[in-house]
Amino acid sequence: MTRASDTQGPTRDHARDAMLSKEGLPGWLDPVVRAVETVRPTQLSRFLPPADGAGRQSAVLILFGDGTREDGPGGAEAGRGPELLLMERAGSLRSHPGQPAFPGGALDPEDGDPRGDGPLRAALREAEEETGLDPAGVQLFGVLPKLYIPVSGFVVTPVLAWWREPTPVGVVDPAETARVFKVPVADLTDPANRVTTVHPSGHRGPAFLVESALVWGFTAGIIDRLLHFAGWERPWDREKQVPLDWRA
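Residues numbered from 1 in each chain as written. Predicted model: local features only at pLDDT ≥ 70, side-chain atom pairs only at ≥ 80, totals over all residues. Heavy atoms only, no water.

(A) Structural view of the pattern of salt bridges. In this structure the tally under the stated criterion is 14 salt bridges. Taking the shortest distance from any N to any O, the salt bridge between Arg121 and Asp117 comes out at 3.1 Å. Assessed through its relative accessible area of 39%, Arg121 is described here as partly exposed. In this structure Asp117 comes out as buried when scored by relative accessible area, which is 12%. Among the ionic pairs, Glu233 bridges to Arg194, the shortest N-O distance being 3.7 Å. In this pair, Glu233 is assigned in the loop between helix H6 (217–229) and strand S14 (241–243) and Arg194 in strand S11 (residues 194–198), connecting sequence segments 39 residues apart. On the basis of relative accessible area, Arg194 is assigned to the buried category, the value being 1%. Among the charged side chains, a network of salt bridges with common partners joins Asp108, Asp111, Arg125, Glu126 and Glu129. (Salt bridge = Lys/Arg side-chain N within 4 Å of Asp/Glu carboxyl O. Buried < 20%, exposed > 50% of the residue type's maximum accessible area, 1.4 Å probe, protein only. Helix = DSSP H or I, 4+ residues; strand = E, 2+ residues; numbered from the N terminus.)

Structure follows, in structure tokens:
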């Protein structure tokens with residue numbers, strides 16, 4: 001006799017895999033695709049989901065775009081190159097107020113199975129609600145292992161995507177989002193923009209000074225590991241520090 005538990009796993013995986021596609025991705029994303037396929041949870045963070053299943057299921061969208069084109073010197077067009085979509089959380093929010101972050105949030109019941117395609121649907125839904133992007137132009141291509149944020153109790157599934165057909169983005173609800181911005185990957189890999197944050201508790205972590213923002217915490221940790229395992233990381237001064245206060 002086949003038990004229900006014997007069939008649920010493949011069914012969940014099939015539903016999730018049906019939403020993922022690597023077809024037509026730009027070549028510059030190949031190192032990221034390889035990293036996603038091989039990285040292990042402990043290589044991303046020392047904070048992993050509790051074994052007892054505790055924690056609030058959530059997801060974030062790590063959205064790579066080809067980069068917008070801008071007017072360069074003499075009126076010539078100059079591209080910013082590959083970039084990531086980030087947002088700054090409203091200062092009034094209870095969880096991680098004022099922090100730059102990937103679009104995302106907690107799963108709703110209508111998103112589906114947290115162990116299957118639920119996190120993918122939640123990442124797209126939250127990104128649309130927070131930035132106004134059109135999910136139809138977003139191609140999901142990978143999922144990183146679930147990670148844990150102890151301070152807020154979130155179990156986070158990072159969902160990676162390519163912005164195949166970019167659409168305008170901006171603040172949808174000021175109560176949730178302070179601003180929406182895109183960061184060139186070249187700026188993230190620039191050693192001049194890299195620092196180490198130091199919390200009064202003694203915790204140290206990678207951070208980025210980009211687009212008039214200090215990107216730190218969970219978001220910076222994921223970016224740091226992606227740059228490393230994709231082979232994009234450049235040597236940087238880890239002793240260059242930025243102190244945080246107890247409210248961080």
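(B) Region of the structure containing the environment of Leu124. By the secondary structure assignment, Leu124 is in helix H4 (residues 118–131). The class of Leu124 is buried, set by a relative accessible area of 13%. Considering only alpha carbons, one finds Leu124 and Leu61, 63 residues apart in sequence, at a separation of 6.8 Å. If near-sequence neighbours (up to four positions away) are discounted, Leu124 is found in contact with Met19, Pro135, Val138 and Leu140. (Contact = heavy atoms within 4.5 Å.)

(C) Summary view of the confidence of the model for the protein chain. The pLDDT averaged across the protein chain works out to 89; a share of 87% of its residues lies at or above 70. Strand S2 (residues 69–71) is the least confidently modelled element of the protein chain, averaging 46 in pLDDT, while strand S7 (residues 138–143) averages 98, the highest of any element. Per-residue pLDDT stays below 50 along residues 1–11; that stretch engages in 1 contact with residues further than four places along the chain or on separate chains. Every residue in residues 70–77 is under pLDDT 50, and counting partners more than four places away or in other chains gives 9 contacts. (pLDDT = per-residue confidence, 0-100.)

(D) Looking closely at helix H2 (residues 30–38). The complete set of buried residues in H2 reads Pro31, Val32, Val33, Ala35 and Val36. Contacts made by the buried residues of H2 are with strand S1 (56–65), S7, strand S9 (154–163) and H6.

(E) Here's a closer look at the side chain of Gln139. Tracing the backbone shows Gln139 in strand S7. The contacts of Gln139, once residues within four sequence positions are left out, are Ser21, Lys22, Glu23, Leu25, Leu160, Ala161, Trp162 and Arg164.

(F) Seen up close, the side chain of Asn193. Tracing the backbone shows Asn193 in the loop between helix H5 (185–189) and S11. Owing to a relative accessible area of 17%, Asn193 belongs among the buried residues under this scheme. Those residues within four positions of Asn193 in sequence are excluded, and the remaining contacts are Asp187, Ala207, Phe208, Leu209 and Val210.

(G) Summary view of the nonpolar core. Ile62, Phe64, Leu144 and Leu160 are the most contacted members of the largest nonpolar core, which totals 36 residues. Sort the elements by how many residues they give to this core and H6 lands first, with 5 residues. When neighbours within four sequence positions are excluded, Phe64 is seen to be in contact with Trp28, Leu29, Val32, Glu83, Leu84, Leu160, Ala161, Trp162, Trp163, Val185, Leu226 and Trp232. The next biggest cluster of nonpolar side chains, apart from the first, holds 19 residues, and it includes Leu107, Val143, Val159 and Val180. (Core = buried A, V, L, I, M, F, W, Y, C linked by side-chain atoms within 4.5 Å.)

(H) Seen up close, empty space enclosed by the protein. Tallied over the full model, the rule gives 1 cavity of 30 Å³ or more. The computed volume of the largest cavity comes to approximately 60 Å³. What lines the largest cavity is Phe64, Leu84, Val185, Leu188, Ile223, Leu226, Leu227 and Trp232. Of all the secondary structure elements, the ones that give two or more residues to the lining of the largest cavity are H5 and H6. The element that contributes the greatest number of residues to the lining of the largest cavity is H6, accounting for 3 residues. (1 Å grid on protein atoms, 1.4 Å probe; cavity = no way out; pocket = protein on both sides within 12 Å on 5 of 7 lines; lining within 4 Å. Points joined across faces, edges and corners; volume = space filled by probe spheres on them.)

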